[in-house]
Amino acid sequence: MKVYKTVKGLQRQLDKERKNGKSIGFVPTMGALHNGHMSLINKSVGQNNLTVASVFVNPTQFNDKGDLKKYPRTLENDAKMLAENGCDYLFAPSPKQVYPKGDKEGPALDISQLTQHMEGPNRPGHFEGVVQVVHRLLVIVDPDKLYMGQKDFQQFSIIAYMLKKLKMKTKLVVCAIMREEDGLAMSSRNVRLTKANRAKSPIIHETLSFIKKNLEKYKVKTLEKKALTMLSVKPLKPEYFSIVDGKTLAPITEVKDHKYIVACTALWAGDVRLIDNMILKKI
Ligand code: AMP
């Protein structure tokens with residue numbers, strides 16, 4: 001696997017590959033890689049001639065600068081994992097490479113409809129930063145396929161919207177959530193959990209599973225209330241538990257009125273913010 005730190009170096013190589021007719025799959029990440037990320041890499045390796053991964057902790061999507069500072073950085077180990085999983089190129093740029101004209105650069109895209117709920121109000125400016133960085137990385141890499149995780153439901157929904165609205169040629173492939181054996185969704189932030197918080201965290205997946213099982217049994221508002229009660233086990237502190245339409249990301253009231261329903265949650269385990277979700281219905 002070759003590592004590139006500059007846009008020019010990577011593009012020179014990818015231009016050559018493209019001229020030879022190679023298809024390119026792209027997996028953008030913020031590093032501190034785990035098996036969840038590797039499932040995206042494996043999917044891309046299986047579906048394309050070449051796989052490019054990026055490791056870039058994007059400053060513009062952190063509304064909380066403390067979180068940016070604390071974000072784990074493990075580039076050497078990331079490169080090793082990527083190489084072992086068949087990734088061909090790693091792009092690990094500096095902010096200056098990604099944003100040569102300054103960090104205000106980005107596509108004009110109104111995402112306000114998709115950011116009204118869940119992560120949107122809790123993390124002002126976050127998705128604008130995500131759109132900005134993914135758009136910029138797509139311009140740099142110009143892949144045939146883009147791989148993202150269902151783990152970040154609102155994120156991939158917004159990127160799907162961006163690809164459609166801006167008529168970009170890249171196809172989005174959404175990959176299933178990879179979990180630890182006890183159900184905790186894999187996340188780069190999990191390494192920062194204390195032992196006590198880690199021990200309580202399987203309740204997130206248990207709650208989502210309970211809600212799925214009881215979707216037809218209770219009213220939506222009751223389900224959300226029950227979920228918040230289940231998640232309020234000290235020292236965990238739920239921020240939201242929302243049952244929304246999987247397309248519009250707007251809260252729902254009647255299960256029967258929707259074909260695609262997802263439950264999304266965020267909670268605090270000490271100073272670590274965890275998110276998770278589960279598709280409750282898709283017909
Ligand atoms: P991140 O490095 O956290 O920005 O994540 C990079 C990509 O990996 C995103 O598309 C995430 O949705 C995806 N991802 C993160 N955790 C998981 C997981 N547990 N299972 C599957 N995909 C994941």
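Residues numbered from 1 in each chain as written. Predicted model: local features only at pLDDT ≥ 70, side-chain atom pairs only at ≥ 80, totals over all residues. Heavy atoms only, no water.

Caption draft 1: Representation of the overall build of the protein chain. Scanning the protein chain from terminus to terminus reveals 11 helices and 9 strands. Projected onto the principal axes, the alpha-carbon positions of the protein chain cover approximately 55 × 40 × 35 Å. For the protein chain, the proportion of its 283 residues judged to be buried stands at 53%. Residue pairs at least 24 apart in sequence account for 73% of intrachain contacts in the protein chain once pairs closer than 6 positions are excluded. Summed over all atoms, the accessible surface of the protein chain reaches about 13900 Å², with 53% contributed by carbon and sulfur. Taking the average place of the 47 positive charges on the side chains of the protein chain and the average place of its 28 negative ones, the gap between the two points comes to 2 Å. (Helix = DSSP H or I, 4+ residues; strand = E, 2+ residues; numbered from the N terminus. Buried < 20%, exposed > 50% of the residue type's maximum accessible area, 1.4 Å probe, protein only. Contact = heavy atoms within 4.5 Å. Areas by Shrake-Rupley, 256 points an atom, 1.4 Å probe, with all protein chains shown as cover. Lys, Arg positive; Asp, Glu negative; His and termini not counted. Charge placed at Lys NZ, Arg CZ, Asp CG, Glu CD.)

Caption draft 2: Just unusual backbone geometry, in detail. Along the chain, lysine 234 connects to proline 235 via a cis peptide bond; the corresponding omega equals 5°. Note that proline 235 resides in the loop between helix 11 (220-231) and strand 7 (236-245). Despite not being glycine, methionine 118 has its phi angle at roughly 55°, a positive value. Structurally, the position occupied by methionine 118 is in the loop between helix 5 (95-98) and helix 6 (119-122). Residue methionine 118 is classed as buried on the basis of its relative accessible area, which comes to 5%. Positive phi, normally seen in glycine, also occurs at leucine 249, with a value near 65°. Inspection of the secondary structure assignment puts leucine 249 in the loop between strand 7 and strand 8 (260-269). Classification of leucine 249 as buried rests on a relative accessible area of 1%.

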